[in-house]
Amino acid sequence: MPRPELHRILLGIAASLLLAGCQDYWAGTSEPPPGDPDKGAELISSQGCGSCHTVPGIIGADGLAGPSLENIALRGYLAGVLPNTHDNMVQWLMDPPAVDPRTAMPDLGLTQAQATDIAAYLDTLK
Ligand code: HEC
(Lines give C-alpha, C1' and ligand atoms only; values in the text may rest on other atoms or scores of the structure.)
Protein backbone atom coordinates (compact mmCIF):
# COMPACT_ATOMS: atom_id res chain seq x y z
CA MET A 1 0.00 0.00 0.00
CA PRO A 2 1.67 3.29 -1.10
CA ARG A 3 1.97 6.07 1.50
CA PRO A 4 1.88 9.44 -0.29
CA GLU A 5 2.06 11.36 3.02
CA LEU A 6 5.38 9.76 3.81
CA HIS A 7 6.75 10.77 0.42
CA ARG A 8 5.60 14.31 0.97
CA ILE A 9 7.27 14.43 4.37
CA LEU A 10 10.51 13.02 3.01
CA LEU A 11 10.43 15.50 0.12
CA GLY A 12 9.83 18.31 2.60
CA ILE A 13 12.82 17.27 4.66
CA ALA A 14 14.99 17.02 1.57
CA ALA A 15 13.86 20.47 0.41
CA SER A 16 14.58 22.11 3.75
CA LEU A 17 18.02 20.51 3.91
CA LEU A 18 18.76 21.93 0.47
CA LEU A 19 17.51 25.37 1.49
CA ALA A 20 19.55 25.32 4.68
CA GLY A 21 22.58 24.48 2.57
CA CYS A 22 21.96 27.49 0.34
CA GLN A 23 21.51 29.80 3.30
CA ASP A 24 24.87 28.70 4.71
CA TYR A 25 26.36 29.32 1.32
CA TRP A 26 25.09 32.89 1.10
CA ALA A 27 25.81 33.69 4.74
CA GLY A 28 29.36 32.42 4.32
CA THR A 29 32.21 33.64 2.22
CA SER A 30 30.48 34.52 -1.00
CA GLU A 31 28.49 37.70 -0.52
CA PRO A 32 27.13 39.03 -3.78
CA PRO A 33 29.47 41.74 -5.07
CA PRO A 34 28.47 45.36 -4.41
CA GLY A 35 26.89 47.58 -7.04
CA ASP A 36 23.50 47.85 -8.71
CA PRO A 37 23.31 46.01 -12.04
CA ASP A 38 20.25 48.00 -13.20
CA LYS A 39 22.07 51.29 -12.70
CA GLY A 40 25.07 49.71 -14.39
CA ALA A 41 23.00 48.92 -17.48
CA GLU A 42 21.81 52.55 -17.64
CA LEU A 43 25.38 53.79 -17.32
CA ILE A 44 26.57 51.50 -20.10
CA SER A 45 23.98 53.19 -22.35
CA SER A 46 24.65 56.74 -21.20
CA GLN A 47 28.47 56.46 -21.20
CA GLY A 48 28.63 55.25 -24.78
CA CYS A 49 30.30 51.90 -24.10
CA GLY A 50 28.14 50.54 -26.92
CA SER A 51 29.89 52.67 -29.53
CA CYS A 52 32.93 50.43 -29.04
CA HIS A 53 31.49 47.24 -27.53
CA THR A 54 28.71 44.82 -28.25
CA VAL A 55 27.01 44.44 -24.88
CA PRO A 56 24.24 41.82 -24.49
CA GLY A 57 21.04 43.28 -23.02
CA ILE A 58 21.91 46.89 -23.90
CA ILE A 59 19.90 48.30 -26.81
CA GLY A 60 22.12 49.89 -29.47
CA ALA A 61 25.36 48.56 -27.97
CA ASP A 62 26.79 46.95 -31.08
CA GLY A 63 30.21 48.60 -31.49
CA LEU A 64 33.12 46.64 -32.88
CA ALA A 65 36.18 48.71 -31.92
CA GLY A 66 36.56 46.79 -28.66
CA PRO A 67 35.85 43.13 -27.87
CA SER A 68 32.28 41.94 -27.38
CA LEU A 69 31.40 41.83 -23.69
CA GLU A 70 29.31 38.68 -24.13
CA ASN A 71 30.27 36.22 -21.36
CA ILE A 72 32.70 38.73 -19.90
CA ALA A 73 31.97 37.36 -16.41
CA LEU A 74 33.39 34.00 -17.49
CA ARG A 75 36.64 35.34 -18.92
CA GLY A 76 39.85 34.75 -17.00
CA TYR A 77 41.58 38.03 -17.85
CA LEU A 78 40.55 41.60 -18.56
CA ALA A 79 42.20 43.07 -21.63
CA GLY A 80 44.51 40.06 -21.46
CA VAL A 81 46.49 41.42 -18.51
CA LEU A 82 44.36 41.68 -15.35
CA PRO A 83 42.78 38.69 -13.55
CA ASN A 84 39.01 39.10 -13.94
CA THR A 85 37.78 39.88 -10.41
CA HIS A 86 35.11 42.40 -9.40
CA ASP A 87 37.70 44.79 -7.92
CA ASN A 88 39.95 44.56 -10.95
CA MET A 89 36.97 45.26 -13.23
CA VAL A 90 36.24 48.45 -11.26
CA GLN A 91 39.90 49.43 -11.52
CA TRP A 92 39.94 48.75 -15.27
CA LEU A 93 36.74 50.70 -15.93
CA MET A 94 37.96 53.72 -13.97
CA ASP A 95 41.27 54.01 -15.79
CA PRO A 96 42.16 51.48 -18.50
CA PRO A 97 45.43 53.19 -19.58
CA ALA A 98 46.69 52.91 -15.99
CA VAL A 99 46.36 49.12 -16.34
CA ASP A 100 47.71 48.91 -19.88
CA PRO A 101 49.26 52.11 -21.32
CA ARG A 102 48.83 50.85 -24.90
CA THR A 103 45.14 50.04 -24.67
CA ALA A 104 42.75 51.72 -27.08
CA MET A 105 40.08 52.01 -24.37
CA PRO A 106 40.06 55.57 -23.05
CA ASP A 107 39.67 56.76 -19.47
CA LEU A 108 35.98 57.71 -19.45
CA GLY A 109 36.17 59.55 -16.13
CA LEU A 110 33.85 57.16 -14.30
CA THR A 111 33.49 57.53 -10.53
CA GLN A 112 34.13 54.49 -8.35
CA ALA A 113 30.37 54.20 -7.69
CA GLN A 114 29.60 54.24 -11.42
CA ALA A 115 32.31 51.69 -12.18
CA THR A 116 31.01 49.47 -9.35
CA ASP A 117 27.48 49.53 -10.81
CA ILE A 118 28.77 48.78 -14.31
CA ALA A 119 30.89 45.92 -12.96
CA ALA A 120 27.77 44.55 -11.23
CA TYR A 121 25.97 44.46 -14.59
CA LEU A 122 28.95 42.90 -16.38
CA ASP A 123 29.04 40.25 -13.61
CA THR A 124 25.63 39.09 -14.89
CA LEU A 125 26.94 38.38 -18.42
CA LYS A 126 27.66 34.65 -18.17
C1 HEC B 1 36.68 54.23 -27.68
C2 HEC B 1 36.26 52.85 -27.60
C3 HEC B 1 35.88 52.28 -26.23
C4 HEC B 1 34.94 52.75 -25.34
C5 HEC B 1 34.09 54.02 -25.44
C6 HEC B 1 34.87 51.78 -24.28
N7 HEC B 1 35.75 50.75 -24.50
FE8 HEC B 1 36.01 49.09 -23.33
N9 HEC B 1 37.51 48.49 -24.53
C10 HEC B 1 37.90 49.09 -25.72
C11 HEC B 1 38.98 48.34 -26.30
C12 HEC B 1 39.68 48.67 -27.62
C13 HEC B 1 39.25 47.28 -25.42
C14 HEC B 1 40.32 46.20 -25.56
C15 HEC B 1 41.40 46.65 -24.65
C16 HEC B 1 42.63 45.83 -24.62
O17 HEC B 1 42.57 44.60 -24.82
O18 HEC B 1 43.68 46.44 -24.35
C19 HEC B 1 38.29 47.39 -24.33
C20 HEC B 1 38.22 46.52 -23.27
C21 HEC B 1 37.19 46.48 -22.35
C22 HEC B 1 36.98 45.45 -21.38
C23 HEC B 1 37.83 44.21 -21.22
C24 HEC B 1 37.29 43.23 -22.23
C25 HEC B 1 38.06 41.96 -22.36
O26 HEC B 1 37.65 41.13 -23.19
O27 HEC B 1 39.04 41.74 -21.68
C28 HEC B 1 35.85 45.77 -20.71
C29 HEC B 1 35.20 44.97 -19.60
C30 HEC B 1 35.36 47.01 -21.24
N31 HEC B 1 36.20 47.41 -22.23
C32 HEC B 1 34.23 47.66 -20.80
C33 HEC B 1 33.84 48.92 -21.23
C34 HEC B 1 32.76 49.67 -20.65
C35 HEC B 1 31.83 49.16 -19.56
C36 HEC B 1 32.73 50.87 -21.29
C37 HEC B 1 31.82 52.05 -21.00
C38 HEC B 1 31.93 52.60 -19.66
C39 HEC B 1 33.76 50.85 -22.31
N40 HEC B 1 34.42 49.65 -22.24
C41 HEC B 1 34.00 51.86 -23.20
C42 HEC B 1 37.34 50.22 -26.28
C43 HEC B 1 36.38 51.02 -25.69
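Heads up: the structure comes first, above all this text.
Residues numbered from 1 in each chain as written. Predicted model: local features only at pLDDT ≥ 70, side-chain atom pairs only at ≥ 80, totals over all residues. Heavy atoms only, no water.

A. How the structure looks around the coordination of the iron atom of the ligand. Looking at the metal site, the iron atom of the ligand is ligated by His-53 (NE2) and Met-105 (SD), spaced 1.9 to 2.1 Å from it. Given 6 donor atoms and angles of 86 to 177° at the metal, the environment of the iron atom of the ligand is assigned as octahedral. You can see His-53 sitting in the loop between α2 (37-46) and β1 (77-78) and its partner Met-105 sitting in the loop between α4 (96-99) and α5 (112-122), a full 52 residues away along the chain. His-53 gets classed as buried once you look at its relative accessible area, which sits at 11%. (Donors = N, O, S within 2.8 Å, 3.2 Å for Na, K, Ca; no water. Tetrahedral: all angles 85-135°; square planar, octahedral: opposite > 155°, others 65-115°. Helix = DSSP H or I, 4+ residues; strand = E, 2+ residues; numbered from the N terminus. Buried < 20%, exposed > 50% of the residue type's maximum accessible area, 1.4 Å probe, protein only.)

B. Representation of α2 within the structure. Of the positions making up α2, those classed as buried are Gly-40, Ala-41, Leu-43 and Ile-44. The arc that holds every buried residue of α2, seen down its axis, measures 165°, which confines them to one face. Exposed and facing more than 90 degrees away from the buried side of α2 are Asp-38, Glu-42 and Ser-46. Of the surrounding secondary structure, the elements contacted by the buried residues of α2 are α5. With a side-chain oxygen lying 2.8 Å from the backbone nitrogen of Asp-38, the N-terminal cap of α2 falls on Asp-36. Just beyond α2, the residue with positive phi is Gly-48, at close to 80°. (Arc of directions from axis to C-beta. Contact = heavy atoms within 4.5 Å. Polar contact = N/O pair within 3.5 Å; in protein donor to acceptor, adjacent residues only side chain to side chain.)

C. Representation of the nonpolar core within the structure. Counting residues in each nonpolar core, the largest one holds 23 residues, and the members touching the most others are Ile-44, Val-55, Leu-93, Tyr-121 and Leu-122. Counting only elements with at least two residues in this core, the list comes to α2, α3 (86-94) and α5. Among the elements that make up this core, the one with the highest residue count is α5 (5 residues). Setting aside its immediate chain neighbours within four residues, Ile-44 contacts Cys-49, Gly-50, Val-55, Ile-58, Ile-118, Tyr-121 and Leu-122. (Core = buried A, V, L, I, M, F, W, Y, C linked by side-chain atoms within 4.5 Å.)

D. Layout of the environment of Gly-50. In this fold, Gly-50 is placed in the loop between α2 and β1. Residue class for Gly-50 comes out buried when judged on its relative accessible area of 12%. Contacts of Gly-50, omitting those with residues within four sequence positions, involve Ile-44, Gly-60, Ala-61, Asp-62 and Gly-63.

E. Summary view of α5. Counting buried positions along α5 gives 8 out of 11 residues, so the element sits mostly inside the fold. Listing the buried residues of α5 in full gives Ala-115, Thr-116, Asp-117, Ile-118, Ala-119, Ala-120, Tyr-121 and Leu-122. Contacts from the buried residues of α5 go to α2 and α3.

F. Examining the environment of Leu-69 more closely. Here Leu-69 is to be found in the loop between α2 and β1. In the structure, Leu-69 is positioned 57 residues away from Lys-126 in sequence and 9.8 Å away in space, judged by C-alpha atoms. Leave out the neighbours within four places in its chain, and Leu-69 touches His-53, Thr-54, Val-55, Pro-56, Arg-75, Leu-122 and Leu-125.

G. Structural view of the environment of Tyr-77. Turning to its location among the elements, Tyr-77 is positioned in strand β1. Taking the relative accessible area as the measure of exposure, Tyr-77 reaches 52% and is therefore exposed. Here the alpha-carbon distance between Tyr-77 and Asn-88, two residues 11 residues apart in the chain, equals 9.6 Å. The contacts of Tyr-77, once residues within four sequence positions are left out, are Leu-82, Pro-83 and Asn-84.

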